[in-house]
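One letter stands for each residue in the lines below.
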Amino acid sequence: MLGLFSLDLLSRIDLDELMKKDEPPFTFPKTLEEFEYAFNEYGQLRHIKTGEPFVFNAREDLHRWNQKRYEALGEIITQYVYELLEKKCNMTKETLPVDATEDEPTGFIYLSPDALSNPSKLLVLIQGSGVVRAGQWARRLIINQDLNSGTQIPFIERAMQEGYGVMVLNPNENYLEVEKSTKSPLPSPTETSDEPAEKRERKDDKEGKKKKEFYEKYRNPQRETETERIPIRENGSSEEHVLYVWDHFVSRAAAKNVFIMAHSYGGLSFVELMNQRESEVKNKVCAVALTDSAHNIWLQETTKSTQDWMQEHCRNWVSSPEPLDTTLEPMMPDCPRVSAGTERHELTSWMSFDSIFRFFSEFHAKEGEEAEETSNSVTTRSGSHKNRHQDL
């Protein structure tokens, strides 16, 4: 009798339901101190009490909650890097668009005090795509490795020491995210008549099932706020942003020699800039350092003259098991490829640090020699004309 009762009880228990966990609320600390983390003297993120590195899986079997926690920390890191740019590097924010009204979304870039006035050299930094913002190469490196490898701070400080003005672009700041209105607009007659009712019902059922499966993972799942994105005028993508900053800042800078460093998707945005402003770039840019660039001269339909210029003025440090600066086989007829000395994509910029500045210095020296030769040539011609005039 007892055995029958136990079997009956087990048959009524939903084991899947029993295994579910209550998903904690998506409420996270707003500062590093509240997270109980801080950067030590080596620029490594460590727990204040234990001294341990950041732990992603703070709660077992709660991947979505852990991911949201990681993203919340990432937002704090973004603000922390902005503070470093302003306080440690003495850089200032410039709002984009430059003629923005009070009620429209805006973005910004960072400029060193002499970015527009330095008569000699200007360094422009362009990051890759994703969640990273101005001053960052890779959020993962900042959190799991250190500030030197994950931020642009070492590049900015080295550039300033060597007499460059510096511009830090912000190509992923493309929109303002706002909460969607709870009132959903009524469908217009055209919307309801375009799609057969049966097809619409099937689609709704499919979407409803997906949502149900997602939210039934937990007993009390947290529903995420629905948002919409309002694009920043003329800065709605990385390519648009780079073009806008070129037109309104770089092209107006006093520097005779502009140097560009672009990582990953930033390389694609630079090539798109060349497609749009080829003659201007050739006249003003001295050299370009790319790190694991995502550009593609075939898909981006670059001209033969652009490819030839890139062959002379660009170098791409790519992820490779070969030692740093080892020349690699070209994949396209654009710019030389060399090893970054690492197989990790996100580390290519930091590992190429010294090589990139050496590359820039060689080009600057070459430009100086060519300018001196031109000047001497003009002086010699002027002198010979003067002598002939005296002879006459």
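In the nomenclature of an unreviewed UniProt entry, the protein is known as ARB2 cotranscriptional regulator A of Oreochromis niloticus.

Novice: What am I meant to see in the pattern of salt bridges here?
Specialist: Opposite charge on two side chains lets them pair, provided their charged atoms get close. Per the counting criterion, the structure on display carries 17 salt bridges. Of the charged contacts, one joins D325 and R358 as a salt bridge, the two residues approaching to 3.6 Å between their closest N and O atoms. Placement of D325 in the loop between β11 (314–318) and β12 (327–328) and of R358 in helix α15 (residues 353–391) is noted, with a sequence separation of 33 residues between them. You can call R358 partly exposed: its relative accessible area is 44%. Here the residues in one salt-bridge network are D99, E104, R233 and E234, joined through shared partners.

Novice: Whenever I open this one, the pairing of strand β10 (residues 285–291) confuses me. Can you help?
Specialist: As a general feature of sheets, a regular strand has side chains that alternate between the two faces. A large share of β10 lies buried, amounting to seven of its seven residues. As paired strands, strand β9 (residues 257–263) and β10 are joined by six bridges and run parallel to one another. Counted as the bridge partner of F259 is A287 from β10. Note that β10 and β11 share four bridges and pair parallel. Bridge pairing in β11 places V288 opposite C314.

Novice: Looking at this structure, I do not really get the sheet that holds β9. What am I missing?
Specialist: Backbone-to-backbone hydrogen bonds pair the strands of a sheet. The strands run either parallel or antiparallel. The mixed open sheet is built from nine strands, whose spatial order is β3-β4-β6-β5-β9-β10-β11-β13-β12. Every other strand in the sheet has two partners, leaving β3 (92–96) and β12 as the edge strands with one partner each. Against the sheet, helix α7 (residues 153–161) engages β5 (121–126), β6 (164–168) and β9, with an angle of about 155 degrees to β6. Contacts from helix α13 (residues 304–313) reach β10 and β11, with the element oriented near 70 degrees to β11.

Novice: Where do I start with the environment of Q79 in this structure?
Specialist: By secondary structure assignment, the location of Q79 is in helix α4 (residues 63–88). For Q79, a relative accessible area of 45% corresponds to the partly exposed category. In this structure, the C-alpha to C-alpha distance between Q79 and T31, residues 48 residues apart in sequence, is 9.6 Å.

Novice: Looking at this model, I keep getting lost on the layout of surface pockets. Mind explaining?
Specialist: Once rolled over the atoms, a probe with the size of a water molecule shows which space is left empty. In this structure, the largest pocket occupies an estimated 970 Å³ of space. For the largest pocket, the lining is made up of 28 residues, of which E71, A72, E75, R139 and E177 are closest to its centre. Broken down by secondary-structure element, the contributors of at least two residues to the lining of the largest pocket are α4, β7 (175–179) and β8 (227–231). Among the elements that take part in the lining of the largest pocket, α4 stands out by supplying eight residues, more than any other. Size it by volume and the second largest pocket reaches roughly 290 Å³. Contributing to the lining of the second largest pocket are 15 residues, with V132, W137, A138, R139 and R140 lying nearest its centre. Each residue belonging to the lining of the second largest pocket can be placed in one class, and the counts come to five nonpolar, seven polar and three charged.

Novice: Looking at this model, I keep getting lost on the nonpolar core. Mind explaining?
Specialist: Most often, soluble globular proteins have nonpolar side chains that are buried together. With 50 residues, the main nonpolar core has L123, L125 and F360 as its most contacted residues. If one sorts the elements of this core by residue count, α4 sits on top with ten residues. Not counting residues up to four positions away in its chain, the partners in contact with L123 are F155, A159, Y164, G165, V166, M167, F259, M261, F357 and F360. Among the nonpolar cores identified, the runner-up in size contains 32 residues, and Y244, I260, V281 and C335 belong to it.

Novice: Just to check I follow, could you spell out empty space enclosed by the protein for this structure?
Specialist: Summed over all chains, the structure comprises one cavity of 30 Å³ or more. Each pocket or cavity is described by its volume, and for the largest cavity that value is around 40 Å³. Forming the walls of the largest cavity are V124, I126, L169, V242, V245, W246, V250, I260 and L273. When contributions to the lining of the largest cavity are tallied by element, the ones reaching two or more residues are β5 and α10 (238–248). Of all the elements, α10 adds the most residues to the lining of the largest cavity, at three residues.

Here is what the cut-offs are and how they apply
Residues numbered from 1 in each chain as written. Predicted model: local features only at pLDDT ≥ 70, side-chain atom pairs only at ≥ 80, totals over all residues. Heavy atoms only, no water. Salt bridge = Lys/Arg side-chain N within 4 Å of Asp/Glu carboxyl O. Helix = DSSP H or I, 4+ residues; strand = E, 2+ residues; numbered from the N terminus. Buried < 20%, exposed > 50% of the residue type's maximum accessible area, 1.4 Å probe, protein only. Pairing = 2+ DSSP bridges. Contact = heavy atoms within 4.5 Å. Axes fitted to C-alpha atoms, helices over the stretch in contact; angles between N-to-C directions. 1 Å grid on protein atoms, 1.4 Å probe; cavity = no way out; pocket = protein on both sides within 12 Å on 5 of 7 lines; lining within 4 Å. Points joined across faces, edges and corners; volume = space filled by probe spheres on them. Nonpolar A, V, L, I, M, F, W, Y, C, P; charged D, E, K, R; others polar. Core = buried A, V, L, I, M, F, W, Y, C linked by side-chain atoms within 4.5 Å.

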